[in-house]
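# Coordinate analysis (summary)
The lines below spell out each chain.
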Amino acid sequence: MKILMLLLLISFQVNAAELSKEVTNTCTYAGGIARETQNIRQQELDNWVIFEYKVRLIYKEDEGLNNLLVIAKSVYDYASINATATDVFNSVFDRCIGEQVTYDVNIPEFLL
């Protein structure tokens, strides 16, 4: 029984580590999209309608495009045109990490 409990505890720790890596990767991706959007926005000085039009010409219609546009729209809506791309990345990354829900797994104590 003790071995079973130990294996259960280890499996929960591995799952938490995998979730943490997945969350970090997702938030890094979102921050990177935001950073590049801000770079393009500052270089080309396009408004949202023109930016969206150009992006839709480049990418096929799919979930990836929709995700990109949601992130880019948040940059246009909430970031100052004068904000650095690094500040935009940090803001989106921090907000993304903060929005992730974590669950604490409580294993009841067993009489061993």
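Everything here concerns the structure above.
These lines cover the structure that appears in this document, whether it is placed above or below. Just so it is clear, the model here is predicted, and its values are computed rather than measured. (Residues numbered from 1 in each chain as written. Predicted model: local features only at pLDDT ≥ 70, side-chain atom pairs only at ≥ 80, totals over all residues. Heavy atoms only, no water.)

### A few points about the pattern of salt bridges
- Enumeration over the complete set of coordinates arrives at six salt bridges.
- Between Lys54 and Glu44 there is a salt bridge, with its nearest N and O atoms 2.9 Å apart. Note that Lys54 is positioned in helix H2 (residues 48-58) and Glu44 in helix H1 (residues 2-44), a separation of ten residues in sequence.
- Its relative accessible area of 42% is what places Glu44 among the partly exposed residues.
- For Asp77, the salt bridge goes to Lys73, with nearest N and O atoms at 3.0 Å. Taken as a pair, Asp77 and Lys73 lie in helix H3 (residues 63-78) at a separation of four residues, close to a single helical turn.
- For Lys73, a relative accessible area of 32% gives the class partly exposed. (Salt bridge = Lys/Arg side-chain N within 4 Å of Asp/Glu carboxyl O. Helix = DSSP H or I, 4+ residues; strand = E, 2+ residues; numbered from the N terminus. Buried < 20%, exposed > 50% of the residue type's maximum accessible area, 1.4 Å probe, protein only.)

### Quick notes on the nonpolar core
- Ranked by internal contacts, the top residues of the largest apolar core, which has 17 residues, are Ala34, Trp48, Phe51, Val55, Leu69 and Val88.
- Within the residue set of this core, elements represented by two or more residues are H1, H2, H3 and helix H4 (85-99).
- A per-element tally of this core places H3 first, with seven residues. (Core = buried A, V, L, I, M, F, W, Y, C linked by side-chain atoms within 4.5 Å.)

### Structural notes on the packing of aromatic side chains
- Under the defined criterion, the tally for this structure stands at four aromatic pairs.
- Ring plane angle 65 degrees and centroid distance 5.4 Å describe the contact between Trp48 and Tyr76, whose orientation is recorded as edge-to-face. One end of the pair, Trp48, is in helix H2; the other, Tyr76, is in helix H3, and 28 residues separate them in sequence. For the pair shown, Trp48 and Tyr76 are each scored as buried.
- Joined through ring pairs, the aromatic side chains of Trp48, Phe51 and Tyr76 make up one cluster. (Phe/Tyr/Trp six-rings, centres within 6.5 Å; stacked < 30°, edge-to-face > 60°.)

Geometric values such as these leave the question of function open.
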